[in-house]
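Overview (structure and organization)
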Amino acid sequence: MKTKRYRSTFSKMTASFISFGLIPLMVVSLFSFFRYSGMLRSNMTAAYSDMTEYVANNVSDILLSVDEALGEVYDYQDSDENTLADILSDTAMSNADRELAVREVLSDILSTSEYISSLRLVDEDGDIFSLYYSQDKTLRNDADSFTTMDLYRQGDNLTEMILSGTIPESELCVSSEDYIFSIVRNYMDISSIETTYSVRVATLYADINVDEISDLVEKSSLNRGDFYVYNLSTSSYLYSEQTEDYLGDSNPLEFCESLFDGSSGYAKTDGQWVFYEKISGVDAYAVLVMENNDIMGTFYQSVSILILIVAFAGAFLLVLYMSFSIRMSEPTRKLKAAMEEVEQGNLDVRVNLQTNDEMEYVADGFNHMTEQLNDYINQVYVARICQKDAELNALKMQIQPHYLYNSLDVIRMTALDQDDMQTAELLESLARQLRYLMGAQSDRVHLKDEIDSIRDYFVMIKVRYEGRISLMVYLKDEDQMLLIPKLLLQPMVENAVKHGLRDKDGRGAVAIRVERHEDYLKIVVLDDGVGMDEEKLYEIQDFLENHRIGSIDSGDPISVGMKNVYDRIKLNCGEAYGYTVQSRKGMGTVITFTLPIWEE
């Protein structure tokens, strides 16, 4: 008879410990390590990318504000109805009178944007005029004061905005230790179409203190790495923490210039992380350069500690198990069987041992452990339910429109008490718009409510553009209660103001006309703004008709907003309805809606 060979309890439990203890521990640790590594890198790169985007967006706002201020020079007229071009070309005017008149023009520009520290103007005769925000600063008299800027007055495209690199302001004026960069614009003769693009009257230099960008970097709470604002087209710096970079003594971004191809993102090169974000409207980038150790140092330290903890825990458990497992005997079988049941999810199992030794204590501990584990699972389950309830309640409390309306009303009443009727009117119109936007979330609204919301919007437009843009509505009383999809006309009216009338010289208007036909409703939204050329109009029509519903592939905010309205009409009203767009460059845009007739 063949003798059956038995393995010792010690060897069995040792194998079980290694198989079900150490190996899973190492697998879980490795899995956690790689998961933690990916999450940490993703979170860190996202955080630094957000910082870079924050600086880029704010620098773009600064440049846009200054450029718009320079555009005000075309609207300038003095009390005698003389434009800047008239002042500069008037040979009968004395030099003193001309300088006084030009300084008045520069003063108006300086007050338009808070970011301009000084303005300089050079006419075609070489006469220089300047105005500084700080009265302690004065333009230098030596002829070399504009040498560094002359190259920006050259080039075939006279109407293009030029962005200069940062230089010491002491090169241009006395009593200054600041650093500045400039936006350079040629002031053109707009008396005719031909001269607008070919005849320059003067060149304007708007200087911006580099501290404006330095403040943005400080607000980003960056405590490591080097931040730059780099002008790729001129290989110059608008901002750097090292002043020698402004002087051309060094180019710390030379190693990564190939990354700047008009896009935004980040990359690791030469042991450094480079985060870059293109600044809208110019060939410049906000760049953050960080050493790899600055980003991953904390990660490497955490990983080392984790490895030590896992190794120590594994070794300690192994030694402890081997020292006590030898003392195990028959009771181990019962305990092992009970543990196997627990592994299967049976937490009601109990071990009853009467050995009067350590194993009995272990068995009692096991029984107590299963009871606590069962209670713990129940507690966790209840806690999760409570957590979900708390989260739902928190979400409900996040937005309290009634509180917002009351707050706006308190501010409006305060303005009325101060006899500030314009501010009170603006607050009241804003409150009505918020009630409309945050009110009942229905798909359809009365045509009257949509028109009233647009009228409230034009209360602010009237103040913003000083009455230059007006609204006309042609709506019969019997059509006011017809239903249309909510926020159908508002985006089109906003597009007309922002992209059609804002850049138009002189007055402009938006008109809304409602006509009820036998089996459809026709709504026309038109403006007499700058309009669109045929290529742009074709691009919008193609995007509306040939892209799938919900598509936002176009980067043009006009097309995206119009696509949203177009898709909602198709989804809510049917394929037979929609709108068409007609536009002529320099004449305006007409949008014609065709909708079903919905009544109460």
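Residues numbered from 1 in each chain as written. Predicted model: local features only at pLDDT ≥ 70, side-chain atom pairs only at ≥ 80, totals over all residues. Heavy atoms only, no water.

Notes on the pattern of salt bridges
Applying the stated criterion across every chain, the model contains 12 salt bridges. Notably, a salt bridge pairs Glu 124 with Arg 200, separated by 3.1 Å at the nearest N-O pair. Within this pair, whereas Glu 124 is found in the loop between strand E1 (116-123) and strand E2 (128-132), its partner Arg 200 is found in strand E8 (residues 200-209), the two being separated by 76 residues in sequence. By relative accessible area, Glu 124 is classed as partly exposed at 41%. A salt bridge links Asp 528 to Lys 504; the shortest N-O distance between them is 3.5 Å. On the criterion of sequence distance, the pair formed by Asp 528 in the loop between strand E18 (521-527) and helix H13 (534-546) and Lys 504 in the loop between helix H12 (490-501) and strand E17 (508-516) is long-range, its members being 24 residues apart. Within this structure, Lys 137, Glu 169 and Asp 178 form a network of salt bridges that share partners. (Salt bridge = Lys/Arg side-chain N within 4 Å of Asp/Glu carboxyl O. Helix = DSSP H or I, 4+ residues; strand = E, 2+ residues; numbered from the N terminus. Buried < 20%, exposed > 50% of the residue type's maximum accessible area, 1.4 Å probe, protein only.)

Digging into the sheet that holds strand E13 (residues 284-291)
Taken in spatial order, the five strands line up as E10-E9-E13-E12-E11 in an open sheet, and their pairing is antiparallel. Strands with a single pairing partner mark the edges of an open sheet, and in this sheet they are strand E10 (236-240) and strand E11 (265-269). Going across the sheet, the axis of each strand differs from the next one's by a mean of 25 degrees, ignoring polarity. Inspection of the sheet shows strand E9 (residues 226-231) paired to E10 by four bridges, in the antiparallel sense. Across the sheet, Tyr 230 pairs through a bridge with Tyr 237, a residue of E10. The sheet contacts of helix H5 (residues 211-219) involve E9 and E10, and relative to E10 the element is tilted by about 50 degrees. (Pairing = 2+ DSSP bridges. Axes fitted to C-alpha atoms, helices over the stretch in contact; angles between N-to-C directions. Contact = heavy atoms within 4.5 Å.)

Details of unusual backbone geometry
A positive phi angle, near 50 degrees, is found at Ser 235, a position not held by glycine. Looking at the element boundaries, Ser 235 is found in the loop between E9 and E10. Of note in this structure, Glu 466 is not a glycine but carries a positive phi near 55 degrees. With respect to the helices, strands and loops of the structure, Glu 466 is situated in the loop between helix H11 (447-464) and strand E15 (469-474).

Structural notes on the packing of aromatic side chains
Applying the stated criterion across every chain, the model contains 14 aromatic pairs. On the basis of an interplanar angle of 35 degrees and a centroid distance of 5.6 Å, the ring pair of Tyr 266 and Phe 275 is categorised as tilted. Phe 275 sits in the buried class, given a relative accessible area of 0%. For the ring pair Trp 273 and Phe 275, a centre distance of 6.3 Å and an interplane angle of 20 degrees mean the geometry is stacked. Exposure class is identical for Trp 273 and Phe 275. Each is buried. Positioned above the aromatic ring of Trp 598 is the side chain of Arg 444, whose terminal nitrogen or guanidinium carbon lies 3.6 Å from the ring centre. (Phe/Tyr/Trp six-rings, centres within 6.5 Å; stacked < 30°, edge-to-face > 60°. Lys NZ or Arg CZ within 6 Å of the ring centre and 35° of its normal.)

Section: the environment of Leu 526
Structurally, Leu 526 is set in strand E18. The spacing of Leu 526 and Ala 509 is 17 residues in sequence and 8.4 Å in space, taken between C-alpha atoms. Aside from chain neighbours lying at most four places away, what touches Leu 526 is Ala 509, Val 510, Ala 511, Arg 513, Thr 589 and Val 590.

Examining H12
Relative to the 16 Å expected for 12 residues at 1.5 Å per residue, H12 spans 15 Å between its end C-alpha atoms, a close match to the ideal helical length. When H12 is considered as a whole, its buried residues turn out to be Gln 490, Met 492, Val 493, Asn 495, Ala 496, Val 497, Gly 500 and Leu 501. (Expected span 1.5 Å × (residues − 1).)

Looking at H5
Within the sequence span of H5, burial applies to Ile 213, Ser 214, Leu 216 and Val 217. Around the axis of H5, the buried residues are gathered within 155 degrees of arc, so they sit on the same side. Exposed and oriented more than 90 degrees from the buried face of H5 are Glu 218 and Lys 219. One or two steps after H5, the chain reaches Ser 221, where phi turns positive at roughly 60 degrees. (Arc of directions from axis to C-beta.)

Some remarks on a negative patch on the surface
On the surface, a cluster of negative charge is contributed by Glu 68, Glu 72, Asp 75, Glu 466, Asp 503 and Asp 505. Looking at the secondary structure, you find Asp 75 in the loop between helix H1 (9-71) and helix H2 (84-89). For Asp 75, a relative accessible area of 51% gives the class exposed. (Patch = residues over 30% accessible without salt bridge, like charges linked within 9 Å, V, L, I, M, F, W, Y side chains within 5 Å. Areas by Shrake-Rupley, 256 points an atom, 1.4 Å probe, with all protein chains shown as cover. Lys, Arg positive; Asp, Glu negative; His and termini not counted. Charge placed at Lys NZ, Arg CZ, Asp CG, Glu CD.)

Section: the pairing of E10
With respect to burial, E10 is a largely interior element, five of its five residues being buried. Count of turn residues in the E9/E10 antiparallel hairpin: four residues, of which Ser 235 carries a positive phi of about 50 degrees.

Brief notes about the packing of H11 against H12
At a closest axis distance of 10 Å, the pairing of H11 and H12 adopts a crossing angle of 25 degrees. It follows that H11 is roughly parallel to H12 by the angle criterion. The way H11 lies across H12 gives a crossing that is right-handed. Here Glu 450, Ser 453, Ile 454, Tyr 457, Phe 458 and Ile 461 of H11 come into contact with H12, specifically with Gln 490, Val 493, Glu 494 and Val 497. For the contact of H11 with H12, the residue count by class is six nonpolar, two polar and two charged. (Parallel < 35°, antiparallel > 145°, perpendicular 65-115°, else oblique. Left-handed = near helix turned anticlockwise from the far one by under 90°. Nonpolar A, V, L, I, M, F, W, Y, C, P; charged D, E, K, R; others polar.)

So, the environment of Asp 567
Note that Asp 567 resides in helix H14 (residues 557-573). Along the chain, Asp 567 and Leu 544 lie 23 residues apart, while their C-alpha atoms are 8.2 Å from each other.

Here we look at the nonpolar core
Core analysis: the biggest nonpolar cluster contains 70 residues, and Leu 63 and Val 287 have the highest contact counts within it. Sorting elements by how many residues they give to this core places H1 first, with 11 residues. Those residues in contact with Val 287, other than ones at most four positions away along the chain, are Thr 52, Asp 226, Phe 227, Tyr 228, Leu 253, Phe 260, Val 274, Phe 275 and Tyr 276. Counting residues in hydrophobic clusters, the runner-up holds 41 residues, among them Val 525, Ile 540, Ile 569 and Tyr 579. (Core = buried A, V, L, I, M, F, W, Y, C linked by side-chain atoms within 4.5 Å.)

Any functional reading would require information that these geometric values do not contain.
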